[in-house]
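Each chain is listed here by its residues.
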Amino acid sequence: MSDDPSVPDKDEQSARDHVLHAPGISIETTDIGYDRLKGDRRAPPRLRRIDIVVLLLLLLATGLTRFIRLSDPGAVLPASDPTCTASPPIGKTCYEPIPTDEVHYIPDARDVLRYGTESDSRVSAEDGPYIVHPPVAKWFIAAGMRIFGDRPFGWRFFGALFGTFSVLIMYLLALRLWGSPWWAAAAGTLLAADGLWFMQSRTAMLDIYVAVFVLAGIWLLVVDRDVTQPDHRGFRWWRVAAGAMFGLAIASKWDALPFIAVGIASTMAWDAVRARDAADRRYAAKIAGTLGALVLLPIAIYIASYTPWFVDSHRYNLPQCSKETTTFSFGVYHLGGLAGQWLCYQHEVYNFHANLQKYVPTTDPTTGKTVKTPGHPYYGNAWTWPWIGRPVAHYYQSTGSGSKQLDSEILGLPNPMIWWPGFFIGFIALAWWTYKKDTTASFIFSLFVAGWFPFLILGDALGKPVFMFYATPLVPYVVLTLVHVLYRSVRRWPQLTPYVVGYVVACVGAFAYFYPILAALPIPYNGAFGWARHIWFSDRFHFFKIKGDCSVPNKIKLLCWI
């Protein structure tokens, strides 16, 4: 078998544009790698009635899993509770947010409703560093509160909506990459069945918004690649739309930047191939267009997202940046006024992140020596992501005792059936196929690297804090990695088709199994399907006879799900 999809073997050539059959299902096999770059204007395959039905059923199932019990957890709190007095609700009733991390973003969203921007009227100077993320994702949390009220369903509504429609975006992206509605449905199904993606879709946090905006931008760039002719002149609106998505992504959280870099590099590479094949000498103009759409436009959207900050007197600012005389200097230029204050604020946000440390010095009470301990019990290491070493427990509650004990938890746990083969098989396969010039593999591999390697460098090599939920924007590319492995396997060995279908079903089954600890569904502590049996890595239950390190004090956990 050739590793270059553009040079198929004889057996692959005979299978091209044919249909592989399994009981009750057919999988189209088309070869779309390098040929997509040659300038042929291509549309994805026309969806048949069965394809549309499958897509609608997939979206319906995804939406149901996101919206059912969306208000749980969310107990009513007394007005005197510190959570309520620190950030008074909009309305008479105060509800309990999820401790990690809704407690930060719901107060910000309340300020957005009251003033249009995060406010300095509710926080002390010591609390200031917690408002260190741009505002766009908080606008959506605030919009849900405006429509449905200041209650859990309102806080989480748009996150669930984004999580649902992300499956449609994944479907459309996969349709472009592999040209088959069934492979697109497989990719959408695996994304919907991932536990971390599911959990982030149901909490009032920022990561799902960043991840979906990035995914939408990547899809739009692939559409731009497929529909743009080598001799195209004028605006490339798909690319401009991708730039807008990237702008909204960085205006939600800076984690989007590595993915944007991959998008820029990929677009330039695609244009370079077209320019070479078509002997087009206007490549410099195309570079300028790419930089305008994917660099200048996102920067403009990022700055524009702070418009309420500029116009409202309640704007949040750090003490060192809030003086009328504050100036910000770069080179020989000095900016004062609000512009200087805003640049000072952005610089301090950068300093906050740059100076965060994973470990804090403490004194050992027994020896009196200074030791370094993790600054948060759920700090992890990015190099433990492949085996899901330290997922974050965002919520946990236990009621009753003995045989009547019920446990509720929200654990940010990726689906092991997707995650483990994605890292241990898929990532290695992508690296090899990239070396062998499989253009689809190299594209997905670059996105995988963008979602993982920054945390390996910043979090592990430089000692910066890392949480498992930082991997949320990486989830779609773990899924695409896995689907590409399955796609190439079935192309080489068509008899594997029933096993691939069975594997996708098994991933959905694994999601159903872990659902209780992803969605705070009260379940018994013991029993075959009890809480303890879902916690595979701990000191209480040894999955594969591997003992966890949950009881080791003052260490970053490497194998602990509690």
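Residues numbered from 1 in each chain as written. Predicted model: local features only at pLDDT ≥ 70, side-chain atom pairs only at ≥ 80, totals over all residues. Heavy atoms only, no water.

Details of the overall build of the chain
Filter applied, for reference: In DSSP terms, a helix is any run of H or I states spanning at least four residues, a strand is any run of E spanning at least two, and both are numbered starting from the N terminus. Each residue gets one of three labels from its accessible area relative to the maximum for its type: buried under 20%, exposed over 50%, partly exposed in between, using a 1.4 Å probe on protein chains only. Whether two residues are in contact is decided by their heavy atoms: any pair within 4.5 Å suffices. Surface accessibility in these figures is a Shrake-Rupley result with a 1.4 Å probe; residues are shielded only by whichever protein chains are displayed.
Per the secondary structure count, the chain includes 19 helices and 11 strands. Expressed as a percentage of the 562 residues in the chain, the buried residues total 54%. Taking contacts inside the chain between residues at least 6 apart in sequence as the whole, the part at least 24 apart equals 70%. Just so you have it, the chain exposes about 24100 Å², and 65% of that area is on carbon and sulfur atoms.

Regarding the layout of surface pockets
Our working rule: Whether a set of points on the 1 Å grid over the protein atoms alone is a cavity depends on a 1.4 Å probe fitting there but being unable to get out, while an open set qualifies as a pocket with protein on both sides within 12 Å along at least five of seven lines; lining residues are those with an atom within 4 Å of a point. Grid points are joined across faces, edges and corners, and a volume is the space filled by probe spheres set on the points.
Considering only enclosed or pocket space, the largest pocket measures out at about 1200 Å³ in volume. Forming the boundary of the largest pocket are 40 residues, of which His133, His353, Leu356, Pro465 and Tyr470 lie nearest the centre. Going through the elements one at a time, helix H4 (102–115), helix H11 (257–277), helix H14 (337–355) and helix H16 (439–461) are the ones with two or more residues in the lining of the largest pocket. Among the elements that make up the lining of the largest pocket, the one with the highest residue count is H16 (6 residues).

Focus on the sheet that holds strand E11 (residues 523–524)
Applied cut-off: When DSSP finds at least two bridges between two strands, those strands are taken to pair. For helices, the fitted line uses only the C-alpha atoms of the stretch in contact; every axis is such a line through C-alpha atoms, and the angle between N-to-C directions lies from 0 to 180 degrees.
Sheet architecture is open: 3 strands sit in the order E9-E10-E11, paired in antiparallel fashion. Edge positions in the sheet fall to strand E9 (393–399) and E11, since each has one partner strand and no second. Bridge count between strand E10 (residues 406–411) and E11: 2 bridges; the pairing is antiparallel. Its bridge partner being in E11, Leu406 is matched across the sheet by Pro524. With respect to the sheet, helix H18 (residues 497–518) is in contact with E10 and E11, its orientation differing from that of E10 by roughly 100 degrees.

Details of the environment of Leu161
Mapped onto the elements, Leu161 comes out in helix H6 (residues 152–178). In the structure, Leu161 is positioned 40 residues away from Ser201 in sequence and 7.8 Å away in space, judged by C-alpha atoms.

Concerning the confidence of the model for the chain
Where we set the bar: You can read pLDDT as the predictor saying how much it trusts each residue, on a scale of 0 to 100.
For the chain, mean pLDDT is 88; residues scoring 70 or higher make up 88% of the total. A low-confidence stretch, residues 1–35 stays under pLDDT 50, and its non-local contacts, those more than four residues away or across chains, total 81 contacts. In this model residues 124–129 is a low-confidence stretch, pLDDT under 50, and it forms 6 contacts with partners more than four residues away in sequence or in other chains.

Description of the environment of Arg146
Note on placement: Arg146 falls in helix H5 (residues 136–148). Classification of Arg146 by relative accessible area gives exposed; the value is 58%. For the pair Arg146 and Ile90, spaced 56 residues apart in sequence, the C-alpha separation works out to 9.3 Å.

Thoughts on the pattern of salt bridges
How we decide: What counts as a salt bridge is simple: a side-chain nitrogen of Lys or Arg found within 4 Å of a carboxyl oxygen of Asp or Glu.
Per the counting criterion, the structure on display carries 16 salt bridges. Among the salt bridges present, the one from Lys253 reaches Asp207, with a minimum N-O distance of 2.9 Å. One end of the pair, Lys253, is in the loop between helix H10 (237–250) and H11; the other, Asp207, is in helix H9 (residues 207–227), and 46 residues separate them in sequence. One exposure class covers both Lys253 and Asp207, and it is buried. Where Asp224 meets Arg236, a salt bridge forms, and the shortest distance between an N and an O atom there is 2.5 Å. Remark: Arg236 occurs in the loop between H9 and H10 and Asp224 occurs in helix H9; sequence separation between them is 12 residues. According to the relative accessible area criterion, Asp224 is buried, its value standing at 2%. Among the residues examined, Arg236 registers a relative accessible area of 8% and is labelled buried. Sharing partners across several salt bridges, the network here consists of Asp224, Arg236, Arg239, Asp271 and Arg274.

Thoughts on the packing of aromatic side chains
How we decide: For Phe, Tyr and Trp, rings pair up if their centres lie within 6.5 Å, where Trp contributes its six-membered ring, and each pair is then called stacked (planes under 30 degrees apart), edge-to-face (over 60) or tilted (otherwise). Any Lys NZ or Arg CZ found within 6 Å of a ring centre and within 35 degrees of that ring's normal is scored as a charge over the ring.
Within this structure, the stated rule accounts for 56 aromatic pairs. When the centroid spacing of 5.5 Å and the interplanar angle of 35 degrees are considered together, the rings of Phe455 and Tyr470 count as tilted. Here Tyr470 lies in the loop between H16 and helix H17 (475–492) and Phe455 lies in helix H16, a separation of 15 residues in the sequence. Using a relative accessible area of 16% as the deciding quantity, one classes Phe455 as buried. Given a relative accessible area of 18%, Tyr470 falls into the buried group. One aromatic cluster in this structure is built from Phe67, Phe140, Phe148, Phe153, Phe157, Phe158, Phe162, Tyr209 and Phe213. The ring of Trp309 has Arg315 lying over it, and the distance from NZ or CZ to the ring centre is 5.4 Å.

Side note on the side chain of Ser408
When you line up the elements, Ser408 lands in strand E10. Residues within four places of Ser408 in sequence aside, it is in contact with Tyr395, Tyr396, Gln397, Ala520, Leu521 and Pro522.

Section: H18
Convention followed: To estimate the expected span of a helix, count its residues, drop one, and scale the result by 1.5 Å. Each residue is assigned a bend, namely the angle between axes fitted to the seven residues that terminate at it and the seven residues that start at it.
With 22 residues, H18 extends 30 Å between its outermost C-alpha atoms, agreeing within 8% with the 32 Å of an ideal straight helix rising 1.5 Å per residue. The sharpest bend along H18 reaches about 30 degrees and sits at Ala512, with the proline Pro516 one to four residues further on. By the burial criterion, the buried members of H18 are Thr497, Val500, Tyr503, Val504, Cys507, Ala510, Phe511, Phe514, Tyr515, Pro516, Ile517 and Leu518. Following H18 by one or two positions, Ala520 adopts a phi angle in the positive range, close to 60 degrees.

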